[in-house]
Amino acid sequence: MSSTALVLSSGDIPWPPSIDDFYLPDLTGGHGVLLTKFTAMVWLAVAIILVFFLVAYRNPKMVPSKAQWLAESIYGFNRDGIAKEIIGHDGLRFAPYLATLFCFIAVTNIFAIIPLLQISPNSHIAFPILLALITYVLYIYWGIKKHGFGHFMKMSLVPPNVPGWLLPLLILIEGLQNFILRPFTLSLRLFANMFAGHMMLLVFTLGGFVMLNANTLLFPVSLLSWALAIGLTLFEALICLLQAYVFVLLTSSYLQTSLAEEH
Amino acid sequence: MAYLAFFAPEGEGATEHNPIVPIWQEMLIGAVAFGVLCFILMKFVFPRMNQMFEARVDAIEGGIARAEKAQAEAQQVLSQYKAQLAEARTEAARIRDEARADAEGIRQDVLAKAREESERIVAAGKEQLAGERQSIVRELRLEMGTLAVNLAERIVGESLADEARRKGTVDRFLAEIETAGAK
């Protein structure tokens, strides 16, 4: 296999990138999972967001300072751009949670391209699953609270105006979609984007070194590879914010369906 | 091993780290961290932002309301001024008319009084004139009689004075002259 030759020639560069690249030794050098780069990054994200908001909103003014304006813009974007837009006036009560969710995902995502961190905690599926689970619980809780269990189930499972003989099939499909696929797709989408993004950056960055080590004549190709890595990093930045937006958007869209009056 | 994991995810390398199996400890830490974040932001930051947004809306809408109120007040004051102005104009016109009427009345009065006065003066003058004429005539008659008697005395040389006085010759004579003059 030619890839075997590459591995041998690349010396200490771990090649090709593998799933193990996402499971680094913990901060004490062992194999624990409580004190790893990932958990540290999650705490770091929490600290950054808290410090930013608490400092920016320490002494709010009617005419905002730059930091206050930025903080208000982020919240306002979630409040008016997502909560109010998708859920309607009822959505305003979810705005604080949605804004928190957005900030958390955006910051943890953007770690993927911050030098030295360079990986997003969300490339470990535990965090996306946790966030999707909260969304799922909120979705079902508000649906049952608003409509009662029976009515909410009927709303979620039985589409209006369909012939009776189709109902068994439709109930199966709707149930699968609303109660099983929703949390899965929500967490998988975020996880896969962050996982694949990191993998791509590894491939192009390390690939450049691997080719250079294999043969000095491949230097131009290495340069191309690194140029692509830089381009992909910028692209990744876009993906990071976009995925945070999509996650919040879908969360509010689910909440909207559970709060909707009728189908 | 790493290479095996990449090309053979079903191999033994993958069983150790399956990327779609969550590490439950990480979920726990994530839950605590995200919980702390939610608690602080949703309790201390975003409600204050909501208040600030509302305060801003209030400030803007309050400003608009105040401006509208001020405008309404200004409108009211303007119409009030206009009404007062119109009232004042009619009042002024009325006063002018009255004054004109008064002036006319006064003029008529003054004129009438003046006419009366002048008539009175003329009448008094006439009366006086007549009286003076009477007295002058009387004096002249007396004097003329005396003069005529004196003249006659000198001509006749006699003292006719007593006789003439006695007989009223002079008076008769003068009466004749008067009647002759009157003819």
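Residues numbered from 1 in each chain as written. Chains lettered and ligands numbered in written order. Predicted model: local features only at pLDDT ≥ 70, side-chain atom pairs only at ≥ 80, totals over all residues.

(A) How the structure looks around the overall build of chain B. Tallying secondary structure elements over chain B gives 5 helices and 0 strands in all. In chain B, the order of α-helices and β-strands from amino to carboxyl end is α-α-α-α-α. For chain B, buried positions account for 7% of its 183 residues. (Helix = DSSP H or I, 4+ residues; strand = E, 2+ residues; numbered from the N terminus. Buried ≥ 20, exposed ≤ 12 C-beta atoms within 10 Å, placed from the backbone.)

(B) Seen up close, the overall build of chain A. Summing up its helical and strand segments, chain A has 8 helices and 0 strands in all. The principal-axis extent of the C-alpha atoms belonging to chain A is close to 70 × 60 × 35 Å. Looking at chain A as a whole, 35% of its 263 residues are labelled buried.

(C) Summary view of the interface of chain B and chain A. Residue-level contacts link 32 residues of chain B with 38 residues of chain A. Those elements that provide at least two residues to the side of chain B that touches chain A are helix H1 (2-7) and helix H3 (24-156) of chain B. Examining the composition of the side of chain B that touches chain A, we find that 22 residues originate from one element, H3(B), more than from any other. Grouping the amino acids of the side of chain B that touches chain A by side-chain chemistry returns 26 nonpolar, 3 polar and 3 charged. (Contact = placed C-beta atoms within 7 Å. Nonpolar A, V, L, I, M, F, W, Y, C, P; charged D, E, K, R; others polar.)

(D) Broad picture of the UniProt feature "coiled-coil region" (unreviewed entry) in chain B. The sites that UniProt annotates as "coiled-coil region" (unreviewed entry) are residues 64-98 of chain B. Taken end to end, residues 64-98 of chain B is 100% helix and 0% strand, and its first and last C-alpha atoms sit 50 Å apart. (UniProt positions renumbered as here; feature names shortened; annotations may be inferred.)

(E) Structural view of the packing of helix H5 (residues 126-147) of chain A against H3(B). Packing of H5(A) against H3(B) brings their axes to within 9 Å, and their N-to-C directions diverge by 55°. One element, H5(A), and the other, H3(B), form an angle in the oblique class. Like other packed secondary-structure pairs, H5(A) and H3(B) cross with a definite hand, here right-handed. Seen from H5(A), the contacting residues are Ala126(A), Phe127(A), Ile129(A) and Leu130(A); seen from H3(B), they are Glu26(B), Met27(B), Gly30(B), Ala31(B) and Phe34(B). In terms of residue class, the contact of H5(A) with H3(B) is made up of 7 nonpolar, 1 polar and 1 charged. (Axes fitted to C-alpha atoms, helices over the stretch in contact; angles between N-to-C directions. Parallel < 35°, antiparallel > 145°, perpendicular 65-115°, else oblique. Left-handed = near helix turned anticlockwise from the far one by under 90°.)

(F) Local environment of unusual backbone geometry. Residue and element names in this part refer to chain A. The backbone phi angle of Gln118 is positive, close to 55°, even though this residue is not glycine. What makes Gln118 partly exposed here is the crowd of 15 C-beta atoms within 10 Å. Notably, Asn161 is not glycine yet its phi reads approximately 55°, a positive angle. Assignment of secondary structure puts Asn161 in the loop between helix H6 (149-157) and helix H7 (167-214).

(G) Expanded view of helix H4 (residues 95-110) of chain A. Between its first and last C-alpha atoms H4(A) spans 22 Å; for 16 residues at 1.5 Å apiece the expected length is 22 Å, and the two agree. Within H4(A), 15 of the 16 residues are buried, which leaves the element mostly enclosed by the surrounding structure. (Expected span 1.5 Å × (residues − 1).)

(H) Fine view of the nonpolar core. If you look at the biggest cluster of nonpolar residues, it comprises 59 residues, and the most contacted ones within it are Leu98(A), Leu101(A), Phe102(A), Phe104(A) and Ile105(A). Of all the elements in the fold, those that place two or more residues in this core are helix H2 (37-56), helix H3 (66-87), H4, H5, H7 and helix H8 (219-259) of chain A together with H3 of chain B. Tallying contributions element by element places H4(A) first for this core, with 11 residues. Ignoring sequence-local partners within four residues, the contact set of Phe102(A) consists of Asn78(A), Ala244(A) and Val248(A). (Core = buried A, V, L, I, M, F, W, Y, C linked by C-beta atoms within 7 Å.)

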